[in-house]
Every structure is written in structure tokens, then in C-alpha cells.
Amino acid sequence: MRIQSLYIEPTGKASLFQYKLVVIQALKHERQVYGRAKFEISGLQGGKKTVLRYPGANGRAIVVNFKYFQDIEGKFKLPENFTPSRVKVSVTTRGRNGKTIDREYNWPRGDRA
């Protein structure tokens, strides 16, 4: 399994962003992949380094469930006094051979990551 790409775009509403995460199985397509994805967004809040987690403890999980690839789309809201700089995506698969893969991106400047 591999994180193929991540796009983050502003929605036009204050501090609300939409994302599109693409995950793929690069070589073998014999089994269905099940798991969860999460984001850690690093930046400054009130002049201090801060890491925000999405989804939060009470948020709905980002479900991964695919055989070849999956486009996962959603939205998240950042605090108005938060300036993001990086985003880390983690996808954790379940099962006896479960593993976590991570990929980090600079926060997009302009329209796309």
C-alpha cells in the first residue's frame, strides 16, 4: 500500500478546507485493504508550535477500504488563529500484517498541494 497523493484546497469559508487523499496498492491486488487514515497538521497558533490532529478524539474516523485504489475526500476546519505549515498523513491497516505508512507534505500555498 502507498499514499499516492494529497490535495488540500480552501473552500472559500473561513478556515475550512477540503482534502482528497489517494491511496493505492502498488504491486499485489490479492486482498482488500482495511484501515484508517489520520492527519497531523503542524503550524503556529498564538505564536507557539502546535500540532492539530484530524479527526480528533470525537471525530468520525477516515475509513480506508479498497482493493486497487481509493479516493478519500472530506473537509476539516482549522482554528482561525492557526497558521499551518506541514501536514503528515498516516494510514494504518488492520489485520495480522497491519502496518502504518506515513507521508509528509508542506502545506499548500495557492490552490493545490
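Just so it is clear, the model here is predicted, and its values are computed rather than measured.

The rules behind the values
Residues numbered from 1 in each chain as written. Predicted model: local features only at pLDDT ≥ 70, side-chain atom pairs only at ≥ 80, totals over all residues. Heavy atoms only, no water. Pairing = 2+ DSSP bridges. Helix = DSSP H or I, 4+ residues; strand = E, 2+ residues; numbered from the N terminus. Axes fitted to C-alpha atoms, helices over the stretch in contact; angles between N-to-C directions. 1 Å grid on protein atoms, 1.4 Å probe; cavity = no way out; pocket = protein on both sides within 12 Å on 5 of 7 lines; lining within 4 Å. Points joined across faces, edges and corners; volume = space filled by probe spheres on them. Nonpolar A, V, L, I, M, F, W, Y, C, P; charged D, E, K, R; others polar. Phe/Tyr/Trp six-rings, centres within 6.5 Å; stacked < 30°, edge-to-face > 60°. Buried < 20%, exposed > 50% of the residue type's maximum accessible area, 1.4 Å probe, protein only. pLDDT = per-residue confidence, 0-100. Salt bridge = Lys/Arg side-chain N within 4 Å of Asp/Glu carboxyl O. Contact = heavy atoms within 4.5 Å. Polar contact = N/O pair within 3.5 Å; in protein donor to acceptor, adjacent residues only side chain to side chain.

### Topic: the sheet that holds strand β1 (residues 2-10)
So, point 1. Pairing in this open sheet of three strands is antiparallel, and the strands run β1-β2-β6 from one edge to the other. The sheet is open, and its two borders are formed by β1 and β6 (69-77), each paired with just one other strand. On average, adjacent strands in this sheet sit at an angle of 15° to one another, irrespective of strand direction.
So, point 2. The sheet contact formed by strand β2 (residues 16-24) and β6 spans nine bridges and is antiparallel. Bridge pairing in β6 places Ile 24 opposite Phe 69.

### Brief notes about the layout of surface pockets
So, point 1. Estimated volume of the largest pocket: approximately 530 Å³.
So, point 2. Classifying every residue of the lining of the largest pocket by side-chain character gives five nonpolar, six polar and six charged.

### A word on the packing of aromatic side chains
So, point 1. A complete count under the given rule lists nine aromatic pairs for this structure.
So, point 2. Note on Tyr 19 and Tyr 54: the rings are 6.1 Å apart at their centroids and 70° apart in plane angle, and the pair reads as edge-to-face. In this pair, Tyr 19 sits in strand β2 while Tyr 54 sits in strand β4 (residues 48-54), placing the two residues 35 residues apart along the sequence.
So, point 3. With relative accessibility at 23%, the residue Tyr 54 sits in the partly exposed group.
So, point 4. Between Tyr 19 and Phe 76 the ring centres are 6.0 Å apart and the planes differ by 25°, which places this aromatic pair in the stacked class. Linking Tyr 19 in strand β2 with Phe 76 in strand β6, this pair joins segments that are 57 residues apart in sequence. Each member of the pair Tyr 19 and Phe 76 is classed as buried.
So, point 5. Each residue in the set Phe 17, Tyr 19, Phe 39, Tyr 54, Phe 76 and Trp 107 is aromatic and connected to the rest through ring pairs, giving one cluster.

### Things to note about the confidence of the model for the protein
So, point 1. Put simply, the protein has an average pLDDT of 88, and 96% of its residues get 70 or more.
So, point 2. The spread of mean pLDDT over the elements of the protein runs between strand β5 (residues 62-66), the lowest at 88, and β4, the highest at 95.

### Regarding the pattern of salt bridges
So, point 1. Evaluation of the coordinates by the stated rule reveals three salt bridges.
So, point 2. Salt-bridge contacts for Arg 86 lead to Glu 104; the nearest nitrogen and oxygen are separated by 3.3 Å. Here Arg 86 is found in strand β7 (residues 82-93), whereas its partner Glu 104 is found in strand β8 (residues 100-106), with 18 residues between them in sequence.
So, point 3. Using a relative accessible area of 47% as the deciding quantity, one classes Glu 104 as partly exposed.

### Description of the environment of Gln 70
So, point 1. Inspection of the secondary structure puts Gln 70 in strand β6.
So, point 2. Looking at Gln 70, the relative accessible area reads 16%, which means it is buried.
So, point 3. Remark: the alpha-carbon pair of Gln 70 and Val 23, spanning 47 residues in sequence, is separated by 5.5 Å.
So, point 4. Look past the residues within four positions of Gln 70 in its chain and what remains in contact with it is Leu 21, Val 22, Val 23, Val 63, Val 64 and Asn 65.
So, point 5. A polar contact is formed between the side chain of Gln 70 and the backbone nitrogen of Asn 65, at a distance of 2.8 Å.

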